[in-house]
Amino acid sequence: MPERLVDLLRHGAVEGGIRFRGCRDDPLSSEGQRQMERAMQDGSDWSAVVASPLRRCLEFANRLSRARDLPLSIDFAWREREFGDWEGQAPEQIPADELTRFWTDPTRFTPPNGESYDDFRRRILTLWKTCLTTREGHTLIVTHGGVIRIIIAEVLQMSPEALLRIEVPFGSLTRIRLPDPPGVPTLVFHREI
């Protein structure tokens with residue numbers, strides 16, 4: 001049976017700089033577009049593309065799919081954690097006590113009117129379990145930093161408290177090997193492109 005791989009590609013830098021963006025649909029900046037172009041030149045032998053529906057992911061996924069004649073599926077569940085009242089806000093615009101609580105323990109502190117960590121994790125791991133049983137070949141998933149952190153933490157069996165110790169730069173690529181059952185997934189690499 002051929003090797004099964006999943007690549008997780010974080011979207012590039014977004015217009016407006018660093019902000020809390022869960023469901024906010026801002027476009028890529030010119031630097032973000034360059035980062036994604038470098039990803040297209042990676043030379044990977046992807047057999048399918050899956051994408052978050054947010055345009056910072058979807059526009060690139062559409063271009064790549066057309067350029068390489070790859071099937072594309074879009075799933076709303078691959079979106080980032082929703083940040084509620086923090087959506088679109090730069091870190092310096094968030095009340096300092098709330099921001100400190102979030103950075104200190106993002107698993108227990110939920111931004112006002114945002115998605116809880118448990119709900120976010122459950123959503124992503126439901127998708128991931130489907131990947132483990134249904135993905136064949138070499139799939140590229142174009143998604144968000146929080147999503148990638150959840151999956152890496154799951155593969156490496158890290159505690160949720162260690163989640164923010166994983167840096168996921170814009171345009172970074174993470175490769176995971178999917179074994180035949182009953183094996184366990186392994187992290188092949190996690191790098192900037």
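Look up a bit, the structure's there.
Attention in this report is confined to the structure presented alongside it.

Within the secondary structure layout, aspartate 69 lies in the loop between helix 2 (55–68) and strand 3 (72–74). A residue is classified by how much of its surface remains accessible, and aspartate 69, at 69% relative accessible area, is exposed. Each C-alpha atom of the pair aspartate 69 and serine 47 lies 9.2 Å from the other, and the pair is 22 residues apart in sequence.

Evaluation of the coordinates by the stated rule reveals 8 aromatic pairs. Both rings, one in phenylalanine 20 and one in phenylalanine 102, keep their centres 5.9 Å apart while their planes meet at 75°; by these two values the pair is edge-to-face. In this pair, phenylalanine 20 sits in the loop between strand 1 (4–10) and helix 1 (30–40) while phenylalanine 102 sits in helix 3 (residues 96–104), placing the two residues 82 residues apart along the sequence. Overall, the relative accessible area of 5% leaves phenylalanine 102 in the buried class. With centroids separated by 5.4 Å and ring planes inclined at 80°, the aromatic side chains of tryptophan 86 and phenylalanine 102 adopt a geometry described as edge-to-face. Separated by 16 residues along the polypeptide, tryptophan 86 in the loop between strand 3 and helix 3 and phenylalanine 102 in helix 3 bring together distant segments of the chain. Linked through ring pairs, Phe20, Phe83, Trp86, Phe102, Trp103 and Phe109 together constitute an aromatic cluster.

This brings us to the packing of helix 4 (residues 117–134) against helix 5 (residues 145–155). Interhelical geometry of helix 4 versus helix 5 gives an angle of 70° and a closest axis separation of 10 Å. In terms of their interaxial angle, helix 4 and helix 5 are classed as roughly perpendicular. Packed against helix 4, whose contacting residues are Tyr117, Phe120, Arg121, Ile124, Leu125 and Trp128, the element helix 5 presents Gly146, Val147, Ile150, Ile151, Glu154 and Val155 at the interface. Classifying every residue of the contact of helix 4 with helix 5 by side-chain character gives 9 nonpolar, 1 polar and 2 charged.

Calculation rules
- Residues numbered from 1 in each chain as written.
- Predicted model: local features only at pLDDT ≥ 70, side-chain atom pairs only at ≥ 80, totals over all residues.
- Heavy atoms only, no water.
- Helix = DSSP H or I, 4+ residues; strand = E, 2+ residues; numbered from the N terminus.
- Buried < 20%, exposed > 50% of the residue type's maximum accessible area, 1.4 Å probe, protein only.
- Phe/Tyr/Trp six-rings, centres within 6.5 Å; stacked < 30°, edge-to-face > 60°.
- Axes fitted to C-alpha atoms, helices over the stretch in contact; angles between N-to-C directions.
- Parallel < 35°, antiparallel > 145°, perpendicular 65-115°, else oblique.
- Contact = heavy atoms within 4.5 Å.
- Nonpolar A, V, L, I, M, F, W, Y, C, P; charged D, E, K, R; others polar.

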